[in-house]
Amino acid sequence: MKDLFHGEFVRLTAEDPDVRAKIEVHWQRDSEYRRLLDSEPAMVVSEKWLKDWFEKRNEEGFSPNRYVFSIRTLVEEKLIGFFSLWVDLIHSEAWVGIGIGEREFWGKGYGTDMMKLCLRYAFTELNVHRVSLGLHSYNPRALKSYEKAGFQLEGCTRKDTLREGKRTDGFWMGILREEWLAMQNGAKP
Ligand SMILES: CC(C)(COP(=O)(O)OP(=O)(O)OC[C@H]1O[C@@H](n2cnc3c(N)ncnc32)[C@H](O)[C@@H]1OP(=O)(O)O)[C@@H](O)C(=O)NCCC(=O)NCCS
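Small disclaimer: the values here were computed from a predicted structure and weren't measured.

**Topic: the site of the ligand**
Right, so step 1: Taken together, 24 residues surround the ligand, and among them Ile 100, Gly 107, Gly 111, Thr 112 and Lys 148 come closest.
Right, so step 2: One of the backbone N or O atoms of Lys 108 is found 3.1 Å from an oxygen atom in the ligand.
Right, so step 3: In the environment of the ligand, an oxygen atom lies 2.8 Å from a nitrogen or oxygen atom belonging to the side chain of Asn 139.
Right, so step 4: Its free accessible area being 950 Å², the ligand has 76% of it covered by the protein chains.
Right, so step 5: Of all the secondary-structure elements, those providing two or more residues to the shell around the ligand are helix 2 (31–37), strand 4 (93–100), helix 4 (110–125), strand 5 (130–136) and helix 5 (140–149).
Right, so step 6: If you tally residues by element for the shell around the ligand, the top one is helix 5, at seven residues.
Right, so step 7: Here the residues of the shell around the ligand are counted per class, giving 12 nonpolar, eight polar and four charged.

As structure tokens, this is what we get:
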């Protein structure tokens with residue numbers, strides 16, 4: 001069987017509230033990272049607030065709907081990011097959230113490796129039929145990375161975001177189980 005937790009450059013690790021909060025507090029202070037990540041207003045939060053938040057999530061325990069991993073590099077063992085999968089059990093669909101908070105690791109293949117692990121986990125362990133995600137149209141690096149992992153651009157919500165006085169579109173992407181399986185057999189994304 002394939003190793004679910006190790007990729008070419010990164011491995012999936014458990015989320016330790018102490019460790020994650022210490023690093024996440026720096027990521028949250030990077031407003032560009034925050035604005036690439038989602039649509040919520042960028043906000044600075046304290047290390048304690050983050051630790052409490054991660055602890056509360058851990059205390060909620062295992063949920064068949066939510067899978068969260070912290071990501072470390074294979075070489076330096078450095079914590080660089082995370083991904084989360086939220087599973088709709090009725091329709092067998094998973095939604096992904098992904099981010100590399102350590103910006104010196106952007107554009108070097110780590111994110112695509114993370115997404116490949118995320119898809120392998122979603123399709124072979126969670127047995128979903130499709131994986132979906134949303135992104136801002138002003139995030140071309142993410143778009144390219146997701147396409148390399150096998151996602152297709154499926155739709156656009158026009159001018160759904162207002163930042164710095166500019167309205168921009170939201171993009172929606174997805175990959176089906178059969179498309180992912182074809183890629184495992186050598187099909188190009
Ligand atoms: C999105 C993210 C996970 C992608 O991971 P990554 O490691 O940076 O991406 P990769 O290096 O694997 O792939 C990026 C690709 O886009 C290309 N690229 C980089 N900057 C680009 C730009 N401005 N325009 C177009 N393409 C770009 C890279 O060259 C690479 O393609 P290549 O391998 O063919 O050369 C990561 O950049 C990140 O977390 N960014 C901050 C938070 C974020 O945007 N989260 C996603 C929210 S939807």
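That shown, we press on.
**Concerning the nonpolar core**
Right, so step 1: With 45 residues, the main nonpolar core has Leu 85, Met 115, Leu 119, Val 131, Tyr 146 and Phe 151 as its most contacted residues.
Right, so step 2: At nine residues, the largest contribution of residues to this core is made by helix 4.
Right, so step 3: Non-local contacts of Tyr 146, meaning those with residues more than four positions away in its chain, are made with Ile 98, Met 115, Leu 133, Leu 135, Phe 151 and Met 173.

**What about the sheet that holds strand 3 (residues 79–88)?**
Each strand in a sheet pairs with another by means of backbone hydrogen bonds, the pair being arranged parallel or else antiparallel.
Right, so step 1: Pairing in this open sheet of seven strands is mixed, and the strands run 1-2-3-4-5-7-6 from one edge to the other. Lying at the two open borders of the sheet, with one neighbouring strand each, are strand 1 (10–13) and strand 6 (152–163). Averaged over all neighbouring strand pairs, the angle between strand axes comes to 25 degrees, with direction disregarded.
Right, so step 2: Pairing analysis gives eight bridges linking strand 6 to strand 7 (residues 166–176), with the strands arranged antiparallel. Bridging across to strand 7, Gly 155 finds its partner in Trp 172.
Right, so step 3: Packing of helix 1 (residues 17–28) onto the sheet brings it into contact with strand 2 (66–73) and strand 3, and relative to strand 3 it is tilted by some 100 degrees.

Conventions used here
- Residues numbered from 1 in each chain as written.
- Predicted model: local features only at pLDDT ≥ 70, side-chain atom pairs only at ≥ 80, totals over all residues.
- Heavy atoms only, no water.
- Near = heavy atom within 4 Å.
- Polar contact = N/O pair within 3.5 Å; in protein donor to acceptor, adjacent residues only side chain to side chain.
- Areas by Shrake-Rupley, 256 points an atom, 1.4 Å probe, with all protein chains shown as cover.
- Helix = DSSP H or I, 4+ residues; strand = E, 2+ residues; numbered from the N terminus.
- Nonpolar A, V, L, I, M, F, W, Y, C, P; charged D, E, K, R; others polar.
- Core = buried A, V, L, I, M, F, W, Y, C linked by side-chain atoms within 4.5 Å.
- Buried < 20%, exposed > 50% of the residue type's maximum accessible area, 1.4 Å probe, protein only.
- Contact = heavy atoms within 4.5 Å.
- Pairing = 2+ DSSP bridges.
- Axes fitted to C-alpha atoms, helices over the stretch in contact; angles between N-to-C directions.

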